[in-house]
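So the chains spell out like this:
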Amino acid sequence: MVRSRSLACGALASAAAAGLVLALTAAPAAQSPEPRHYDELRQMAAASPFKNLTWQFVGPTNVSGRVTDIAVATRPGRTRAIYVATASGGVWLSENEGTSWAPIFDDAPSTAIGAIAVAPSSPDVVWVGTGEANIFRTSPAGAGLSKSADGGKTWRFMGLAATERVARILVHPTNPDVVYAAAPGHEWTPNEERGVYKTADGGRTWQKVLYVDTMTGAIDLAMDPSDPNVLYAATWEHVRKRWNDPRNEPAYKGSGVYKTTDAGRTWTPVNDGLPAPPFRGRIGLSIARSNPNVIYAYVDNYEIARQAKPGELDAYGRQREDVIKGATVFRSDDKGRTWRQVSEPGAFMERASGTYGWVFGQIRVDPTDENRVYIMGLGLNVSTDGGKTFAEVDSLPGGDLHALWIDPENASTLFNGNDQGFVVSYDKGRTWRAFADRIHVAQFFNVAYDMDEPFRVYGSIQDHGSRRGVVDLSKGRDKIPAAAFEYAPGGEGSHQAVDPSDPTIVYSAGFYGHISRTDFTKRDARGRPRSTDIMPVPDSGAAPLRGQWLAPFILSPHQPDVIYLGLQSLFRSWHRGDAWERLGPDLTDNDPSKMGDIPFQTIFAIAESPKRFGLIYVGTDDGRVHLTRDGGKSWTELTANLPRRQWVSRIVASQFDEGTVYLTQTGRQEDDFGVYVWKSTDYGQTWTSLATGIPSGPVNVIREDPADRRILYAGTDTSVFVSTDGGTTWQVLGSGLPSTFVFDLVVHPRDRVVVAATHGRGMWALDAQPVERAVRGRTPAP
């Protein structure tokens with residue numbers, strides 16, 4: 001059945017290239033059961049001996065996060081309901097115009113949200129499409145669609161889990177059982193589950209009604225407000241490489257606009273006047289409610305605007321590539337039959353989406369004025385002359401915009417979603433109100449701790465820089481208050497490490513491993529703690545240094561003045577970063593064919609044995625693992641000893657036994673959600689899988705308990721797990737933690753508190769002492 005459907009879809013792509021009317025007939029897909037891994041997770045949580053331990057939100061209370069979509073339900077006799085979808089923090093609801101908010105999608109197979117919609121004729125019917133459609137630095141995959149019939153109180157899984165991402169949901173204006181969903185496709189690999197899906201029975205069955213090919217999905221949908229049988233779909237050909245952003249490639253031809261006039265039974269391409277196929281990137285669509293003949297297309301245009309100058313750098317310090325036209329607005333006055341470019345070329349539009357138009361692509365038309373148009377990119381820009389000229393709405397708090405709802409009854413009311421959260425304007429954008437202190441969806445990459453009393457936790461947050469907050473145990477270990485977090489050294493993608501003997505000395509590695517040392521006892525001219533750049537300098541004639549977005553570094557457990565930094569080689573400093581030495585060769589493949597605009601083939605994990613100085617393990621993003629026993633004088637490769645070669649997400653050298661080491665691998669960058677956890681007791685010569693009992697990956701982190709070698713903790717994209725028998729079996733740890741993405745966790749060695757850094761719901765803490773007591777009460781530690 002799959003094979004025959006593929007053949008039909010191939011014919012569809014050929015017809016599209018010829019500009020013919022397209023018809024796709026596919027057997028309806030029955031509603032899938034809830035994803036098996038999540039059913040297992042819930043059963044494990046209910047049976048866990050640690051289910052009575054409670055995770056406590058510790059903050060930040062003053063930082064929000066990326067909002068991807070907004071839906072509003074107008075309910076007769078009741079206040080309107082505002083639903084805010086977030087990139088990886090679930091769905092939040094306010095029924096009092098933002099005075100208070102509640103998360104309503106915490107217990108779901110995925111809390112990465114791409115789209116949300118309310119049925120116009122039945123405002124308590126809410127649809128959620130999981131999997132963020134914006135190809136961001138971290139855009140977690142989802143698990144299909146869910147539906148609520150009671151305004152978000154309860155949810156039912158409605159299938160399409162294999163799509164992994166949903167970019168738009170449209171519900172028929174008078175029949176809530178008719179729903180369309182746009183599936184842009186997997187982020188890293190080609191797949192057949194791309195295109196436009198339709199259900200006519202409320203989600204019990206789905207039919208794929210528009211499909212181009214395994215590289216091309218549907219990124220946007222728009223429905224004619226005067227005729228619900230008329231829809232427009234924007235398709236986008238893309239796949240992401242580990243060393244490149246998802247830019248257009250010369251052979252690409254799948255991106256464009258399609259139209260149906262018969263509710264999805266047949267489609268025809270409508271691209272007359274748009275850029276040629278190789279130059280069409282992501283496209284956003286919007287129809288003028290006041291005049292449905294008028295449609296706007298917001299195209300990420302890959303036609304070259306100007307050549308970059310040598311030495312011209314982008315926002316992250318990399319050599320800028322040739323500047324493309326980027327954000328370009330086209331308008332059709334004949335329902336898509338023909339298009340014309342209306343936005344004026346120039347620096348303003350080139351800068352509107354920066355160098356990453358694949359992240360944005362949202363456009364909206366004022367429901368009462370066909371010539372008032374909003375486009376979203378780095379900021380919110382508005383045109384009052386039909387898209388010819390734009391001006392930035394510079395009063396808006398926040399940047400990197402992804403969602404905009406305009407009240408159809410009062411176009412002065414704007415609800416906006418951006419990387420800093422959800423904001424509201426009641427005067428067409430002149431003034432705004434923000435809700436960062438009420439929607440807690442911070443996307444942490446990491447967590448570190450200090451040894452102060454009370455101790456602080458540190459972490460870097462997507463688009464918010466780095467922050468730190470206090471974990472206050474003074475009122476009881478079960479009464480940790482949530483706290484506002486303050487500035488901390490580092491950027492939005494950083495690791496931190498604090499001198500264990502002096503909590504005023506903090507090390508941080510910002511973008512791509514650029515490391516610095518900060519002294520909180522000294523202040524710079526702006527009153528901030530003074531930072532010193534301690535980045536190594538490559539030898540004359542040597543290749544440029546190459547570090548991951550989250551390049552790792554550690555302080556030696558034997559002497560905190562000794563620092564190890566992972567780039568393509570391992571570097572060591574004996575004196576707090578004042579001077580560096582390279583410890584051996586490039587430890588990656590160093591394959592020129594896998595080098596692009598994103599650093600790849602870099603070290604991603606470092607561990608030094610607490611039992612022996614100079615015994616160091618290194619793991620890379622291209623799947624290689626090395627060991628040195630002599631402080632880097634010689635290296636032994638362990639890669640072939642592992643059952644598989646994959647991105648190494650963590651290495652932990654045991655603090656109890658010199659030859660024991662733990663390693664986790666992630667398949668995220670290959671759309672592989674397997675569980676890869678390994679243990680070696682012979683310095684990496686042989687490995688045993690510890691994956692049994694963890695329902696799904698990726699596995700992002702593993703930690704040893706500081707008091708008992710039998711206790712291990714693991715963080716995955718759905719939960720935190722604990723093993724009390726050295727990894728033979730696993731249990732869900734605690735309750736109350738949303739099913740969000742646990743990117744890192746630590747166990748404070750003095751205070752015995754587990755802190756989890758989630759990429760979507762901030763930081764959470766749990767008392768580790770009951771786990772330790774339970775294990776000690778069973779048998780003495782070996």
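Residues numbered from 1 in each chain as written. Predicted model: local features only at pLDDT ≥ 70, side-chain atom pairs only at ≥ 80, totals over all residues. Heavy atoms only, no water.

Caption draft 1: Molecular detail of the overall build of the protein. Tallying secondary structure elements over the protein gives four helices and 58 strands in all. In terms of overall dimensions, the protein has C-alpha extents of about 75 × 60 × 55 Å along its principal axes. Within the protein, the proportion of its 782 residues that are buried is 63%. In the protein, the proportion of contacts linking residues at least 24 apart, taken out of those at least 6 apart, comes to 55%. Of the accessible surface of the protein, which amounts to about 27900 Å², a share of 50% is contributed by carbon and sulfur atoms. The positive charge centre, built from 82 side chains, and the negative charge centre, built from 89, are 1 Å apart in the protein. (Helix = DSSP H or I, 4+ residues; strand = E, 2+ residues; numbered from the N terminus. Buried < 20%, exposed > 50% of the residue type's maximum accessible area, 1.4 Å probe, protein only. Contact = heavy atoms within 4.5 Å. Areas by Shrake-Rupley, 256 points an atom, 1.4 Å probe, with all protein chains shown as cover. Lys, Arg positive; Asp, Glu negative; His and termini not counted. Charge placed at Lys NZ, Arg CZ, Asp CG, Glu CD.)

Caption draft 2: Structural view of the pattern of salt bridges. Counted under the stated rule, the structure contains 40 salt bridges. Between lysine 388 and glutamate 344 there is a salt bridge, with the nearest N and O atoms lying 4.0 Å from each other. Taken as a pair, lysine 388 in the loop between β26 (380–383) and β27 (391–392) and glutamate 344 in the loop between β23 (340–341) and α3 (347–352) lie far apart in primary sequence, 44 residues in all. According to the relative accessible area criterion, lysine 388 is partly exposed, its value standing at 44%. Under the relative-accessibility criterion, glutamate 344 is labelled partly exposed at 38%. Of the charged contacts in the structure, one is a salt bridge between arginine 645 and aspartate 589, with a shortest N-O distance of 2.6 Å. Separated by 56 residues along the polypeptide, arginine 645 in the loop between β47 (636–637) and β48 (648–653) and aspartate 589 in the loop between β43 (581–583) and β44 (603–608) bring together distant segments of the chain. On the basis of relative accessible area, arginine 645 is assigned to the partly exposed category, the value being 42%. Where salt bridges share partners, they join Arg331, Asp333, Arg340 and Glu370 into one cluster. (Salt bridge = Lys/Arg side-chain N within 4 Å of Asp/Glu carboxyl O.)

Caption draft 3: Summary view of the layout of surface pockets. For the second largest pocket, the calculated volume is near 1400 Å³. Forming the walls of the second largest pocket are 39 residues, and the residues nearest its centre are Pro120, Leu170, Arg289, Trp405 and Pro408. Of all the secondary-structure elements, those providing two or more residues to the lining of the second largest pocket are β4 (67–73), β8 (113–119), β12 (168–171), β16 (216–223), β20 (280–287), β24 (362–365) and β28 (401–406). Per element, the largest residue contribution to the lining of the second largest pocket is five residues, and it comes from β4. Class assignment of the residues belonging to the lining of the second largest pocket gives a composition of 28 nonpolar, two polar and nine charged. (1 Å grid on protein atoms, 1.4 Å probe; cavity = no way out; pocket = protein on both sides within 12 Å on 5 of 7 lines; lining within 4 Å. Points joined across faces, edges and corners; volume = space filled by probe spheres on them. Nonpolar A, V, L, I, M, F, W, Y, C, P; charged D, E, K, R; others polar.)

Caption draft 4: Main features of the nonpolar core. In this structure, Val257, Ile283, Leu285, Ala297, Trp339 and Trp358 are the most contacted members of the largest nonpolar core, which totals 26 residues. Only β16, β17 (231–237), β20 and β21 (295–306) provide two or more residues apiece to this core. Per element, the largest residue contribution to this core is four residues, and it comes from β21. Apart from residues lying up to four places away in sequence, tryptophan 339 is in contact with Val257, Val270, Asn271, Asp272, Gly273, Leu274, Ile295, Tyr296, Ala297, Phe330, Arg331 and Ser332. Counting residues in hydrophobic clusters, the runner-up holds 21 residues, among them Leu53, Phe57, Val742 and Leu766. (Core = buried A, V, L, I, M, F, W, Y, C linked by side-chain atoms within 4.5 Å.)

Caption draft 5: Focus on unusual backbone geometry. Backbone torsion omega between glutamate 453 and proline 454 reads -5°, so that peptide bond is classified as cis. Mapped onto the secondary structure, proline 454 falls in the loop between β32 (448–449) and β33 (456–461). Residue proline 698 follows glycine 697 across a cis peptide bond; omega there is 0°. Along the polypeptide, proline 698 turns up in the loop between β51 (688–689) and β52 (699–704). At aspartate 671, a position not held by glycine, the phi torsion is positive, near 55°. Relative to the helices and strands, aspartate 671 is located in the loop between β49 (661–667) and β50 (672–680). Residue arginine 752 is not a glycine yet carries a positive backbone phi of 55°.

Caption draft 6: Structural view of the sheet that holds strand β37 (residues 505–509). One open sheet holds the four strands; their spatial order is β36-β37-β38-β39, and the pairing between them is antiparallel. The strands lining the two open edges of the sheet, one partner per strand, are β36 (495–498) and β39 (529–533). Within the sheet, the average angular offset between the axes of one strand and its neighbour, ignoring direction, is 25°. For strand β38 (residues 515–523) and β39, the ladder comprises five bridges, and the chain directions are antiparallel. The residue of β39 that forms the bridge with serine 516 is aspartate 533. (Pairing = 2+ DSSP bridges. Axes fitted to C-alpha atoms, helices over the stretch in contact; angles between N-to-C directions.)

Caption draft 7: Spotlight on the packing of aromatic side chains. Following the criterion strictly, the structure yields 17 aromatic pairs and no others. Seen from their ring centres, tryptophan 405 and phenylalanine 415 are 4.9 Å apart, and the 35° between their planes marks the pair as tilted. In this pair, tryptophan 405 is assigned in strand β28 and phenylalanine 415 in strand β29 (residues 414–418), connecting sequence segments ten residues apart. When its relative accessible area of 16% is taken as the criterion, tryptophan 405 is described as buried. Since its relative accessible area comes to 0%, phenylalanine 415 is described here as buried. Taken together, Trp101, Trp405, Phe415, Phe422 and Phe435 form an aromatic cluster joined through their ring pairs. In this structure, arginine 468 is placed above the aromatic ring of phenylalanine 520, and the distance from its NZ or CZ to the ring centre is 4.1 Å. (Phe/Tyr/Trp six-rings, centres within 6.5 Å; stacked < 30°, edge-to-face > 60°. Lys NZ or Arg CZ within 6 Å of the ring centre and 35° of its normal.)

Caption draft 8: Quick peek at helix α4 (residues 769–778). When α4 is considered as a whole, its buried residues turn out to be Val771, Glu772 and Val775. Buried residues of α4, viewed axially, fall in a sector of 95°; they line one side. Buried residues along α4 sit in contact with β53 (712–716) and β54 (720–723). (Arc of directions from axis to C-beta.)

Caption draft 9: Layout of the side chain of serine 508. Structurally, serine 508 is set in strand β37. Reaching out from serine 508, the side chain makes a polar contact with the backbone nitrogen of glycine 490 at a distance of 3.4 Å. (Polar contact = N/O pair within 3.5 Å; in protein donor to acceptor, adjacent residues only side chain to side chain.)

Caption draft 10: Region of the structure containing the environment of tryptophan 188. Structurally, tryptophan 188 can be placed in the loop between β13 (179–183) and β14 (195–199). C-alpha separation for the pair tryptophan 188 and arginine 668, spaced 480 residues apart in sequence, amounts to 8.4 Å. When sequence neighbours within four positions are dropped, the list of residues in contact with tryptophan 188 reads Val239, Arg240, Lys241, Arg242, Arg668, Gln669, Glu670 and Asp671. Among the polar contacts listed, one links the side chain of tryptophan 188 to the side chain of glutamate 187, at a separation of 3.4 Å. A polar contact of 3.3 Å, which involves the side chain of tryptophan 188, links it to the backbone oxygen of arginine 668.

Caption draft 11: Representation of empty space enclosed by the protein within the structure. Scanning the entire structure with this criterion turns up two cavities of 30 Å³ or more. If you add up the space inside the largest cavity, you get close to 80 Å³. The wall of the largest cavity is formed by Thr68, Asp69, Gly114, Ala133, Asn134, Ala167, Arg168, Arg282, Gln362, Arg364 and His402. Broken down by secondary-structure element, the contributors of at least two residues to the lining of the largest cavity are β4 and β24. Residue composition of the lining of the largest cavity, grouped by class: two nonpolar, five polar and four charged. A volume near 40 Å³ is recorded for the second largest cavity. Along its surface, the second largest cavity is lined by Arg282, Tyr298, Val299, Asp300, Ala327, Ser353, Gly357 and Gly361.

Caption draft 12: The environment of alanine 768, seen in detail. Along the polypeptide, alanine 768 turns up in the loop between β58 (763–767) and α4. Overall, the relative accessible area of 1% leaves alanine 768 in the buried class. Along the backbone, alanine 768 and aspartate 705 are 63 residues apart, and their C-alpha atoms lie at a distance of 8.6 Å. Setting aside chain neighbours within four positions, we find alanine 768 in contact with Asp705, Tyr713, Arg752, Val753 and Val754.

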